[in-house]
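# Residue-level structural notes
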Amino acid sequence: EFLLSIVFIGSVVGMLVMGYLGDALGIGPALIVTNALVVIGALVSAFLSCGAPRAVWRDVAIGRFVLGVGVGGNYPLSAAKAAGSVSTSEDAVANAAAAFFWQAPGSCAPYLVAL
């Protein structure tokens with residue numbers, strides 16, 4: 001349960017930190033950072049899971065926290081990018097809603113392709 005909750009803790013941290021980073025660096029560079037964190041966190045969880053049990057738990061927890069920060073950062077940044085690309089507020093709301101709608105099919109697509 002701890003390893004599952006650490007992803008959600010990282011996600012909350014990512015939502016808070018990456019929104020600020022998007023304001024400081026710009027949305028495009030901040031999205032690159034968040035996607036890099038997702039990849040790094042996944043690779044750490046996958047490849048550093050050997051050795052003593054205590055070291056494995058530590059490495060996997062750190063990897064999943066980093067992964068959670070990256071995933072959490074994608075939420076505010078993708079909404080800001082979708083909303084910022086149009087001129088009217090109605091179009092901004094529609095684009096942000098469409099961005100969040102397509103996350104669910106995108107999450108299911110790898111499993112459907114693997115079948």
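Residues numbered from 1 in each chain as written. Predicted model: local features only at pLDDT ≥ 70, side-chain atom pairs only at ≥ 80, totals over all residues. Heavy atoms only, no water.

### What to know about the overall build of the chain
The helix and strand tally for the chain stands at 5 helices and 0 strands. Each helix and strand of the chain, placed in order from N terminus to C terminus, yields the pattern α-α-α-α-α. Along the longest, intermediate and shortest principal axes, the C-alpha atoms of the chain span 55 × 40 × 20 Å. Counting over 115 residues, the chain shows a buried share of 25%. Of the contacts made within the chain by residues no fewer than 6 positions apart, 69% connect residues no fewer than 24 positions apart. In the chain, 4 positive and 5 negative side-chain charges are present, and the distance between their average locations comes to 19 Å. (Helix = DSSP H or I, 4+ residues; strand = E, 2+ residues; numbered from the N terminus. Buried < 20%, exposed > 50% of the residue type's maximum accessible area, 1.4 Å probe, protein only. Contact = heavy atoms within 4.5 Å. Lys, Arg positive; Asp, Glu negative; His and termini not counted. Charge placed at Lys NZ, Arg CZ, Asp CG, Glu CD.)

### Section: the packing of helix α4 (residues 89-101) against helix α5 (residues 103-114)
For any two helices packed against each other, the geometry comes down to the angle between their axes and how far apart the axes lie. With their axes 4 Å apart at the nearest point, α4 and α5 run at an angle of 20° to one another. Accordingly, the angle class assigned to the pair α4 and α5 is roughly parallel. Facing α4, whose interface residues are Ala 99, Phe 100 and Phe 101, α5 presents Gln 103, Ala 104 and Pro 105. Its residues assigned to classes, the contact of α4 with α5 shows 5 nonpolar, 1 polar and no charged. (Axes fitted to C-alpha atoms, helices over the stretch in contact; angles between N-to-C directions. Parallel < 35°, antiparallel > 145°, perpendicular 65-115°, else oblique. Nonpolar A, V, L, I, M, F, W, Y, C, P; charged D, E, K, R; others polar.)

### Re helix α3 (residues 53-84)
For α3, which comprises 32 residues, the first-to-last C-alpha distance of 47 Å matches the rise-based estimate of 46 Å (1.5 Å per residue) to within 8%. Tyr 75 marks the point of greatest bend in α3, at about 25°, and the proline Pro 76 comes within the next four residues. (Expected span 1.5 Å × (residues − 1). Bend = angle between axes of the 7 residues up to and from the residue.)

### Looking at the confidence of the model for the chain
Counting all residues, the mean pLDDT for the chain is 87, and 100% of those residues have values of 70 or more. Taking the mean pLDDT of every element in the chain, the minimum, 80, falls on α4 and the maximum, 92, on helix α2 (residues 27-47). (pLDDT = per-residue confidence, 0-100.)

### Things to note about a nonpolar patch on the surface
Nonpolar side chains collect at one region of the surface, where Ile 9, Val 12, Val 13, Leu 16 and Val 17 lie side by side and expose about 430 Å² of accessible area between them. Position of Val 13 among the secondary structure elements: in helix α1 (residues 2-25). (Patch = residues over 30% accessible without salt bridge, like charges linked within 9 Å, V, L, I, M, F, W, Y side chains within 5 Å. Areas by Shrake-Rupley, 256 points an atom, 1.4 Å probe, with all protein chains shown as cover. Salt bridge = Lys/Arg side-chain N within 4 Å of Asp/Glu carboxyl O.)

### As for the side chain of Asp 59
Relative to the assigned elements, Asp 59 resides in helix α3. Looking at Asp 59, the relative accessible area reads 15%, which means it is buried.

### Some thoughts on the side chain of Ser 11
You can see Ser 11 is positioned in helix α1. Leave out the neighbours within four places in its chain, and Ser 11 touches Gly 68, Val 69 and Gly 72.

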